[in-house]
Amino acid sequence: MYNSRNSHFWIIFIVTLFIFSYTAYFLAERFYLWSSYIGIIAGGLLFFLVIIPFTVYLADMLMKFTIDKNLYNKSVFKFLLAFMVILPIALVSITVYNEYREKNLTTVLSYEPVHVESLDFRLDGSETWETNNDEAADELFHFLSQYHVKKMSDSEWDSDVSEVTSFEFTVYSKGDIIAASVHENRLILYSGNGGYYSVTNGPVNLEWVADYNEKYD
């Protein structure tokens, strides 16, 4: 390996580390590793003991290749460096846009009724009921699919929901749990990435919710 680590090396190292970390983060999100202390510790150990050393090794190999091939002064190398600088900015911008753009509520929930095994539901003032009725899961899915939501920042969320009617549900499906609390024009998602959302085409039809609750309670 080459011991000389100039600015080119650090650009390659930082961008490569970002890409590996970015990928690892979303894989961890996919498999809910951040939901437990063991997952967080394992993720930290993986980052410091595997990802960083491998990134250093890969950056050294790339630097060796560029030196051996005398690519420093070639336009393709300069173009590649510029691309590597722009790539993380583009990925972050796309991620933030996708996170806060308007989406269908069922997309945010990752709700697929065909995979539902059981459903818990509670309307304000009522007892929680549970069912494994496929029709109940399907009806709730089609009701929720009418609505579109946008993610809110924590500072935008008003924690006082005492003046609004709310309902909560938890959907248990194969290898996953979906949990949310809906408050007319906004909701809290507890599962997956979680977060606060505003209903952009609300308010939610609470008369339908009351009828649905009465039907399956």
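Computed from a predicted structure; not experimentally measured. (Residues numbered from 1 in each chain as written. Predicted model: local features only at pLDDT ≥ 70, side-chain atom pairs only at ≥ 80, totals over all residues. Heavy atoms only, no water.)

## Focus: the pattern of salt bridges
Next, step 1: As enumerated under the stated definition, the model contains 6 salt bridges in all.
Next, step 2: The residue Glu 99 makes a salt bridge to Lys 151 at a minimum N-O spacing of 2.4 Å. One end of the pair, Glu 99, is in helix 3 (residues 75-100); the other, Lys 151, is in strand 4 (residues 148-152), with 52 residues separating them in the sequence.
Next, step 3: With a closest N to O distance of 3.7 Å, Glu 168 and Arg 122 form a salt bridge. Residue Glu 168 is found in strand 5 (residues 167-173), and its partner Arg 122 is found in strand 2 (residues 116-123); the two are separated by 46 residues along the sequence.
Next, step 4: Accessibility expressed as a relative area gives 33% for Glu 168, which makes it partly exposed.
Next, step 5: Arg 122 gets classed as partly exposed once you look at its relative accessible area, which sits at 24%.
Next, step 6: Each member of the salt-bridge network shares a partner with another, and the members are Arg 122, Asp 124 and Glu 168. (Salt bridge = Lys/Arg side-chain N within 4 Å of Asp/Glu carboxyl O. Helix = DSSP H or I, 4+ residues; strand = E, 2+ residues; numbered from the N terminus. Buried < 20%, exposed > 50% of the residue type's maximum accessible area, 1.4 Å probe, protein only.)

## Some words on the pairing of strand 7 (residues 186-189)
Next, step 1: The alternating pattern of strand 7 places Arg 186 and Ile 188 and Leu 187 and Leu 189 on opposite faces, both of which are buried.
Next, step 2: As paired strands, strand 6 (residues 176-183) and strand 7 are joined by 4 bridges and run antiparallel to one another. Bridge pairing in strand 7 places Ser 181 opposite Ile 188.
Next, step 3: Pairing of strand 7 with strand 8 (residues 195-199) involves 4 bridges; the strand directions are antiparallel. Considered in strand 8, the bridge of Leu 189 is made with Gly 195. (Pairing = 2+ DSSP bridges.)

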